[in-house]
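The lines below spell out each chain.
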Amino acid sequence: MIETTITPALLAAVRNGERILCLSHVKPDGDAVGSLLGMGWLLRSLGKAPVLALQDTVPDEGRGLPGVEEILTDASPDFERIVRQQAFDLIVCLDASSPDRMGTVYHPPVHESATLVVIDHHVTNTGFGALNWVDPSSVSTTQMVARLADALEVPLTGPLAECLLTGLVTDTLCFSTSNVTPRTLELAMRLMEGGANLALITQRTVNRRPYRLIKLWSLILPTVNLADGVIWASATPEMLAQTGMPTSEVGLSSYLVTADEADMSAVFIEQVNGDGSTRVECSFRAKPGFNVAEVAFALGGGGHPAAAGCTVEGDLATIPPRVVAALQAARRRQLAARHGTA
Ligand code: 5GP
Ligand code: MN
């Protein structure tokens with residue numbers, strides 16, 4: 001069952017947890033790292049010593065956060081022993097909309113006996129935990145962790161405030177998305193009063209990128225196309241290899257959707273599977289009033305109305321035409337519904 005508010009059962013699970021594992025999604029972003037670390041600081045305030053884990057390494061935007069060095073990843077020597085082979089009584093999964101998003105952190109043979117608590121703000125969440133707190137009206141999972149801290153009377157100060165403001169900033173592109181409300185800004189104000197530095201967090205996240213990413217964009221942008229309100233571009237495995245950028249940090253879809261003529265954007269990244277076949281990772285964005293989550297969900301992925309994604313088996317010759325057609329059809333439906341002609 002999915003709950004949209006904090007339940008007594010969830011509070012009891014957090015209060016009673018002794019051996020606790022906190023995790024977030026593969027290819028973590030600022031909200032994944034911020035909510036994971038924030039949950040860690042919250043639990044430490046309650047006198048607990050949680051293990052924090054991610055499948056993939058922390059992205060650049062999460063690097064300066066307090067406590068980040070304690071996160072165990074697939075590449076850590078202790079990952080198998082401390083994360084995958086250890087039994088826990090409580091597992092808190094943050095910012096992940098479906099079980100596959102937990103990647104290699106969640107190891108059912110050992111972890112199945114734990115109470116799995118899911119805390120997430122994706123509208124596409126499948127409710128895969130024993131307790132599921134899913135609030136799509138929250139702009140970030142860190143906003144939900146702040147609400148949990150309030151409920152448990154943990155003050156929003158110090159490292160906790162810094163981690164929570166980071167997710168707020170990254171998931172709202174610095175308070176500029178259409179889901180930002182006065183409540184969002186009120187929370188940001190409280191976190192700043194608690195010591196979090198907004199200018200520093202912005203500079204560490206949305207206002208910076210490595211030069212090699214700009215080089216990668218220069219390779220991808222020649223492929224850009226626009227038709228029927230959808231703008232898209234494609235990246236080959238060679239482009240990624242040439243610039244050494246991980247796929248999780250390509251980030252170009254937010255830029256493409258700024259085109260005046262586009263209501264939706266898509267970036268397609270081809271990746272080679274272990275068996276030599278290929279898959280295409282798709283990243284979607286929508287202007288306010290349009291919804292790309294439904295297309296992502298229909299293709300086996302998920303996300304938010306304004307930012308979503310999925311991974312489809314196939315290559316750049318076959319997948320982008322299919323997916324662009326699906327986006328164009330969704331856009332036409334959404335325009336028709338808006339004009340009352342659906
Ligand atoms: P991005 O385009 O920044 O990689 O992802 C945007 C949003 O879509 C994020 O909220 C992310 O959680 C979601 N998303 C991206 N790719 C996938 C995917 O393959 N599966 C699911 N379930 N969600 C995804
Ligand atoms: Mn998020």
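Residues numbered from 1 in each chain as written. Chains lettered and ligands numbered in written order. Predicted model: local features only at pLDDT ≥ 70, side-chain atom pairs only at ≥ 80, totals over all residues. Heavy atoms only, no water.

(A) Focus on the overall build of the chain. Helix and strand content of the chain: 13 helices and 13 strands. Taking 20 Å as the expected radius of gyration for a compact globule of 342 residues, we find that the chain reaches 20 Å, a close match to that expectation. For the chain, the C-alpha atoms occupy an extent of roughly 55 × 45 × 40 Å along the three principal directions. Here the chain, with 342 residues, has 52% of them falling under the buried criterion. Sequence separation of 24 or more characterises 66% of the internal contacts of the chain that already satisfy a separation of 6 or more. Summed over all atoms, the accessible surface of the chain reaches about 14500 Å², with 54% contributed by carbon and sulfur. Between the centroid of the 25 positive side chains of the chain and the centroid of its 36 negative side chains there is a distance of 3 Å. (Helix = DSSP H or I, 4+ residues; strand = E, 2+ residues; numbered from the N terminus. Rg over C-alpha atoms; globule rule 2.2 N^0.38 Å. Buried < 20%, exposed > 50% of the residue type's maximum accessible area, 1.4 Å probe, protein only. Contact = heavy atoms within 4.5 Å. Areas by Shrake-Rupley, 256 points an atom, 1.4 Å probe, with all protein chains shown as cover. Lys, Arg positive; Asp, Glu negative; His and termini not counted. Charge placed at Lys NZ, Arg CZ, Asp CG, Glu CD.)

(B) Up close: the domain arrangement of the chain. Domain parsing of the chain yields domain 1 (2-204) and domain 2 (211-338). Here the C-alpha centre of domain 2 lies 26 Å away from the C-alpha centre of domain 1. Facing the 10 residues of domain 1 at the interface are 11 residues of domain 2. Roughly 850 Å² is buried in total at the junction of domain 1 and domain 2, and carbon and sulfur atoms are behind 60% of that figure. Across the pair Glu-281 and Lys-27 runs a salt bridge whose closest N-O atoms are separated by 2.5 Å. At the boundary of domain 1 with domain 2, the tally comes to three residue pairs in polar contact (both at pLDDT 80 or more). (Domains from an automatic or database assignment. Buried area = accessible area lost by both parts, 1.4 Å probe. Salt bridge = Lys/Arg side-chain N within 4 Å of Asp/Glu carboxyl O. Polar contact = N/O pair within 3.5 Å; in protein donor to acceptor, adjacent residues only side chain to side chain.)

(C) Fine view of the site of ligand 1. Near ligand 1 there are 15 residues, and of these Arg-101, His-122, Ser-283, Arg-285 and Ala-308 occur at the shortest range. Between ligand 1 and the protein, one listed contact pairs a nitrogen atom with a side-chain N or O atom of Ser-97 at 3.3 Å. Gly-309 places a polar main-chain atom, nitrogen or oxygen, 3.3 Å from an oxygen atom of ligand 1. When isolated, ligand 1 has an accessible area of 500 Å², and the protein chains bury 78% of it. Taken together, the elements giving at least two residues each to the shell around ligand 1 come down to strand S11 (278-286), strand S12 (302-303) and strand S13 (307-313). The element best represented in the shell around ligand 1 is S13, accounting for five residues. Lining the shell around ligand 1 are residues from two domains, each supplying at least three of them: domain 1 (2-204) and domain 2 (211-338). (Near = heavy atom within 4 Å.)

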